[in-house]
Amino acid sequence: MTRKRIVLATMSIFVIVASAWVFLTPVPSFEQARSATRSSEAVLLDRDGQVLQRLRLDKQRRMLAWVPLQDISPTLQQAVLVAEDKRFYSHSGVDLMAAGSAVLDNLHRSRARGASTISMQLAKLLNAPADGSSQNSWLSKLNQIRYALALELHWSKPQILEAYLNRVTFRGELVGVDAAARGLLAKGPNGLDNIDAAILASLIKSPGASRSRLAKRACATLQTMPFFTGNKSKPDSCMQVTLRTALLPSRPFPIAGMDDAPHLARHLLNKNGEQLKSSIDASVQRFARNTLRTHLAQLADQNVEDGAVVVLDNLSGEVLAYVGSSGDLSGASEVDGVAALRQPGSTLKPFLYALAMDQGWLNASSVLDDSPLALTTPSGLYIPQDYDRHFQGAISVRTALGASLNVPAIRTLTLVGVDPFLDKLRKLGLSSLTRDADHYGFGLALGGAETTLMQLTNAYRALANGGLWQAVSFIPASTSTVEGESRQVFSPQASFIIGDILSDPGARTITFGLSSPLSTRTWAAVKTGTSKAMRDNWAIGYTDRYTVGVWVGNFSGAPMWDVSGITGAAPVWRDIIEHLHQKQHSQQPTPPDGLLHQQVRYRPPIESPRQEWVIADNRITQVVSNQIININVTPASAMLIAPPDSAIIAPDPDIPQQRQALLLQSGGTGQSCMLLDSRPVAACGKSKVVVPLPLPGKHQLTLKDTSGKLLDTHHFEVRALNLPIQAKGNRK
């Protein structure tokens, strides 16, 4: 009796210790385990929670979102039980019958057979070492048993099966039922038939099995499944298994998902399993993307394949659309056109004129001279040309900006200064302008720098907001607690006048005509720009609610063929503006205090009389009489342009002396005659002529009117061509 009591006591203590050993095992709750299971992908949502983009961040494994058990095909659940754990619902974490059978089998087998239950396998998955070290030692097996028993105490059977199907590796990088079903069969986990289920279930035991071995195992699983399903497998099921197994991809299929904002997703998402709600409006994003692709397809024959679009909310600064490329139309679709540095062309001109107005130099009615201009710079002679290669003479600021004339812009830059203009551009957020003013020179007025579509579009948003610049936001304003940076760059008065000019179809008539893609059914202010050699063109503009920026070009830097801002980017911009205001028209801004609206009359009548906005304390060179502004226009005097006065011309030693030439050019009003060293070089009235390079020495170029009156004189020197001394006897 004593021995029996000792045995019973010992057994009791063992049971108590074993129970405590299991019961006290720290096991996370099902919810904790599910939330800790990170997808290999991050998801970008729009402002209303719609999926915009899935972005894979973990390159070692492919795991998609957690799938609830009710959304997993019952056929697959049964197939997994057949292949992995037939008595899953009857054991408590350890299948003693399977373990005993495995021990007996292993006595007669060269390859050991395991008896791990689904609960034990899940225990192994949940406690996998971070370094990937082996878990096949006896101690590891013992811990798996302990953890499996603890799981069975705290979790339900459906929860264990659900977690297992979402954590188990099926093949290669594919982890979890969703990634396996989509990556191998191009199906969702709820749409699997018996054959699909048998194949996936058979992969669990041997993820790297060959197709023939996998087919045999899947066939065996399929033949056993009727015991659970109550259905009989068809005679040709194994043949179908073999055929479908042979069609499995050598590499997983691309897993389909939303692909609406790939460039923005790469910009914002950086954590596995993250679901980030952005400021993007899915409907605006998709319309902008489709509109861009449609118009670029029409320009394919003109060597255009890339483009980008940004849509901003004026009030909040929220980014409503971010289209980084034209997708499969592009040869470099991964490049982000919104963030790429490109030359902005004439889109910088509105900021130049706004600065001139704030400095007190100009008003919209001020007169500028659009005639040939030559400026001497450290790098040489700078001679700007207008887009159409013609000059308009005396012209108002309104027309100069609306028609995007280059020479008046350069003249304006000489008034305000390159340094102050560069400083204003940086305050507008054009942080890419990192060089000094001497580097950019007068070409800065015509876009001789580099910026991004996002920076430039947000700079135009400052004009829409009365000169107030604010940082953009990629997060909905309702969820953001951080106040963005802001600063007043231009006065509300100058900003209003610039917007009024950019919205005036009449102001741009001489360049773009009355009917162009810049004309919309709703109020909008817009400016186009084209960079050198037509490598980039832009259309940036705003309404009372939105600012839209469009860039069109080639990421490769190849020039487009006869495509300008008006034919490339402007149609895309117009369609997006019309879409944004299809339900509610844009309203013209209310004039701020400090502006006068007065009648303007020019003498002589270079432009028709009109009502014009004038900054109250900035009536430059204007005579006010009875509320009518009379502007006396003095015609530009005739002058010499090239070569500049005091120029020194050095011949090119690589060009034969007899083939070298010199450009002589004059400008201004009225007929004039050019004379080189007192000899006429062309008929009077001809403003440009190319002559043979004069002999070395000092020369004089004069300009006279038809009566012989001297108008202008330039002196220049031609240097002698220094040839190397030829060695004697060398005649080659």
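Here the residue index of a chain counts from 1 through its sequence in written order. In keeping with the model being predicted, local features are shown solely for residues with a pLDDT of at least 70 and side-chain atom pairs are shown and tallied solely at 80 or more, while totals for entire chains, interfaces and linings include all residues. Each side-chain value is derived from all of the structure's non-hydrogen atoms; neither hydrogens nor water enter the calculation.

1. Examining the sheet that holds strand β26 (residues 688-692)
Argument step 1. Pairing between two strands is assigned when DSSP locates at least 2 bridges connecting them. Strands here are runs of E lasting at least two residues and helices are runs of H or I lasting at least four, both read from the DSSP assignment and numbered beginning at the N terminus. Reading across from one edge, β21-β23-β26 is the order of the 3 strands in this open sheet, with antiparallel pairing throughout. Whereas interior strands pair on both sides, the edge strands pair on one side only; in this sheet they are β21 (639-642) and β26. Neighbour-to-neighbour, the strand axes of this sheet turn through a mean angle of 30°, independent of strand direction.
Argument step 2. Bridge analysis of strand β23 (residues 661-667) against β26 gives 5 bridges, and the strand direction is antiparallel. Counted as the bridge partner of Q665 is K688 from β26. Interaxial angles span 0 to 180 degrees and are taken between N-to-C directions of axes, which are lines fitted to C-alpha atoms, for helices over the stretch in contact.

2. Some details on the state of the cysteines
Argument step 1. Here, a disulfide means two cysteine sulfur atoms that sit within 2.5 Å of each other. Across all of its chains, the model carries 2 disulfides by this definition.
Argument step 2. Between the sulfur of C219 and that of C238 lies a disulfide, 1.6 Å long from S to S. Negative torsions about the S-S bond denote left-handed disulfides, and the value of about 55° found for C219 with C238 makes this one right-handed. One end of the pair, C219, is in helix α10 (residues 211-224); the other, C238, is in helix α12 (residues 237-246), and 19 residues separate them in sequence.
Argument step 3. Residue pairing for C673: its cysteine sulfur links by disulfide to C684, the two sulfurs lying 1.8 Å apart. For the disulfide bridge between C673 and C684, the dihedral angle about the S-S bond is near 110°, and by the sign convention the bridge is right-handed. Here C684 lies in the loop between β25 (679-680) and β26 and C673 lies in strand β24 (residues 672-676), a separation of 11 residues in the sequence.
Argument step 4. Sequence-ordered numbering of the bonded cysteines in the chain gives a disulfide pattern of 1-2, 3-4.

3. Re the pattern of salt bridges
Argument step 1. Between Lys or Arg on one side and Asp or Glu on the other, a salt bridge is scored when a side-chain nitrogen of the former is within 4 Å of a carboxyl oxygen of the latter. This structure, assessed with the given rule, holds 27 salt bridges.
Argument step 2. Among the salt bridges present, the one from K205 reaches E84, with a minimum N-O distance of 3.9 Å. Remark: E84 occurs in helix α3 (residues 74-84) and K205 occurs in helix α9 (residues 194-205); sequence separation between them is 121 residues.
Argument step 3. With relative accessibility at 52%, the residue K205 sits in the exposed group.
Argument step 4. The buried label goes to any residue with under 20% of its type's maximum accessible area, the exposed label to any with over 50%, and the partly exposed label to all in between, with areas taken from a 1.4 Å probe on protein chains only. Taking relative accessible area as the criterion, E84 reaches 11% and is therefore assigned buried.
Argument step 5. Put simply, R289 and D260 hold a salt bridge, and the shortest N to O gap is 2.4 Å. Of this pair, R289 sits in helix α14 (residues 282-298) while D260 is found in the loop between α12 and α13 (262-268), placing the two residues 29 residues apart along the sequence.
Argument step 6. Exposure remark for R289: the relative accessible area of 22% places this residue in the partly exposed category.
Argument step 7. The network of salt bridges with shared partners includes R398, D500, D504, E607, R610 and E612.

4. A closer look at unusual backbone geometry
Peptide bonds are, in most cases, trans, and in most cases residues other than glycine have a negative phi.
Argument step 1. Of note, the bond from R603 into P604 is cis; its omega dihedral lies within 30 degrees of zero at -5°.
Argument step 2. Within the secondary structure, P604 is located in the loop between β17 (595-603) and β18 (610-615).
Argument step 3. Of note, D677 is a non-glycine position whose phi angle comes to about 55°, a positive value.
Argument step 4. Within the element layout of this structure, D677 appears in the loop between β24 and β25.
Argument step 5. You will see that S678, though not glycine, has its phi angle at about 75°, which is positive.
Argument step 6. Relative to the helices and strands, S678 resides in the loop between β24 and β25.

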